[in-house]
Amino acid sequence: MNLVVLTVDQRASRTRPDLVPATVEALSTLPTLRAFERTAGDEIQGVIDDPDVVVAALALLLRGAEWNIGIGIGPVETPLPPQARAGRGAAYLQAREAVNRAKTVPAHVSVVGVDGYRAEQLETVLWLWADLLQRRSARGWEVADLIAEGISHAEAGARLGVTQSAVSQRARTAGVVEGDRAARLARQLIAEMMAEGGT
């Protein structure tokens, strides 16, 4: 099975606060194969062996629109070292190529894998998903986050002090259903790319 290496570089880091510590801490809650860590300067890297975890990491990174995100999907040399940044293999090279390319493409997300066609499909889905997430207002995120917890629109309304219909309207405006579908499609494509070839 192929693995996913995420190499992520903070955008405009010279003019913005260092977001690496807080982002590494947030990503540390995910069950990665090798935890995200700072590699050099304003760059972080992690290794993941589960499509669901990849999608969760991307959701966190895309939300802030603060990162150039490089995704490499391919084999790595084994045994994998304890630290993500010490690893080697095709997926690492792909992630490096992808993060460099991410600086110049829409949504600042790039995917490189053995299957170029599927990589392009996944990249397209991620561009659209990123655009949707980054257009959400603060009110939209309030509703989206509550719905993501699995509560009903009525319960979300009670928490926010608004009507159920207001919650439904905010959810529509925020593209909650569309975002969920994009995430599911991204997960499917990632799973297919991870299953290709050998380890």
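What counts and how
Residues numbered from 1 in each chain as written. Predicted model: local features only at pLDDT ≥ 70, side-chain atom pairs only at ≥ 80, totals over all residues. Heavy atoms only, no water. Helix = DSSP H or I, 4+ residues; strand = E, 2+ residues; numbered from the N terminus. Buried < 20%, exposed > 50% of the residue type's maximum accessible area, 1.4 Å probe, protein only. 1 Å grid on protein atoms, 1.4 Å probe; cavity = no way out; pocket = protein on both sides within 12 Å on 5 of 7 lines; lining within 4 Å. Points joined across faces, edges and corners; volume = space filled by probe spheres on them. Nonpolar A, V, L, I, M, F, W, Y, C, P; charged D, E, K, R; others polar. Salt bridge = Lys/Arg side-chain N within 4 Å of Asp/Glu carboxyl O. Axes fitted to C-alpha atoms, helices over the stretch in contact; angles between N-to-C directions. Parallel < 35°, antiparallel > 145°, perpendicular 65-115°, else oblique. Left-handed = near helix turned anticlockwise from the far one by under 90°. Contact = heavy atoms within 4.5 Å. Core = buried A, V, L, I, M, F, W, Y, C linked by side-chain atoms within 4.5 Å. Pairing = 2+ DSSP bridges.

### Overview of unusual backbone geometry
Line of reasoning, step 1. A cis amide bond links Thr78 to the next residue, Pro79, at an omega of 0°.
Line of reasoning, step 2. Examined against the element boundaries, Pro79 turns out to sit in the loop between strand S4 (67-74) and helix H3 (90-102).
Line of reasoning, step 3. Of note, Ala12 is a non-glycine position whose phi angle comes to about 50°, a positive value.
Line of reasoning, step 4. If you trace the backbone, Ala12 turns up in the loop between strand S1 (3-10) and helix H1 (20-27).
Line of reasoning, step 5. Exposure remark for Ala12: the relative accessible area of 41% places this residue in the partly exposed category.

### So, the layout of surface pockets
Line of reasoning, step 1. For the largest pocket, the calculated volume is near 390 Å³.
Line of reasoning, step 2. The wall of the largest pocket is formed by 17 residues, among which Ala59, Arg136, Trp141, Ala148 and Asp180 lie closest to the centre.
Line of reasoning, step 3. Residue classes in the lining of the largest pocket are distributed as 12 nonpolar, 1 polar and 4 charged.

### With respect to the pattern of salt bridges
Line of reasoning, step 1. Considering all chains together, one arrives at 13 salt bridges under this definition.
Line of reasoning, step 2. Close ionic contact of Glu123 with Arg101 constitutes a salt bridge, the shortest N to O distance being 2.5 Å. A residue pair is termed long-range when its members are at least 10 positions apart, and Glu123 in helix H4 (residues 116-135) and Arg101 in helix H3 qualify at 22 residues.
Line of reasoning, step 3. A residue is classified by how much of its surface remains accessible, and Arg101, at 35% relative accessible area, is partly exposed.
Line of reasoning, step 4. The residue Arg135 makes a salt bridge to Asp131 at a minimum N-O spacing of 2.8 Å. Placement of the pair is Arg135 and Asp131 together in helix H4, with a separation of 4 residues, close to one helical turn.
Line of reasoning, step 5. Residues joined in a network through salt bridges with shared partners are Asp115, Arg118, Glu192 and Glu196.

### Quick look at the packing of helix H2 (residues 51-64) against H4
Line of reasoning, step 1. Running from amino to carboxyl end, H2 crosses H4 at an angle of 50°, the nearest separation of the two axes being 9 Å. With respect to each other, H2 and H4 are oriented oblique. Crossing angle aside, the handedness with which H2 passes H4 is right-handed. The segment H2 lies against H4, with Val55, Leu58, Ala59, Leu62 and Arg63 engaging Leu126, Trp129, Ala130, Leu133 and Gln134.
Line of reasoning, step 2. Its residues assigned to classes, the contact of H2 with H4 shows 8 nonpolar, 1 polar and 1 charged.

### With respect to the nonpolar core
Line of reasoning, step 1. Counting residues in hydrophobic clusters, the biggest one holds 49 residues, and the most contacted among them are Leu6, Leu58, Ile69, Ile71, Leu122, Leu126 and Trp129.
Line of reasoning, step 2. Setting aside chain neighbours within four positions, we find Trp129 in contact with Val55, Leu58, Ala59, Leu62, Gly179, Ala182 and Ala183.
Line of reasoning, step 3. One finds Val47, Val76, Leu80 and Tyr92 within the second-largest nonpolar core, a separate group that totals 9 residues.

### A closer look at the sheet that holds strand S2 (residues 34-40)
Within a sheet, adjacent strands bond to each other through the backbone by hydrogen bonds, running parallel or antiparallel.
Line of reasoning, step 1. Strand order across the open sheet formed by 5 strands is S2-S3-S1-S4-S5, with mixed pairing between neighbours. The open sheet has two edge strands with one neighbour each: S2 and strand S5 (109-113). Across the sheet, the mean angle separating the axes of adjacent strands is 15° when strand polarity is ignored.
Line of reasoning, step 2. Sheet strands touched by H1: S1, S2, strand S3 (43-48) and S4. Its angle to S2, the strand with the most contacts, is close to 165°.
Line of reasoning, step 3. Contacts from H2 reach S1, S2, S3, S4 and S5, with the element oriented near 165° to S4.

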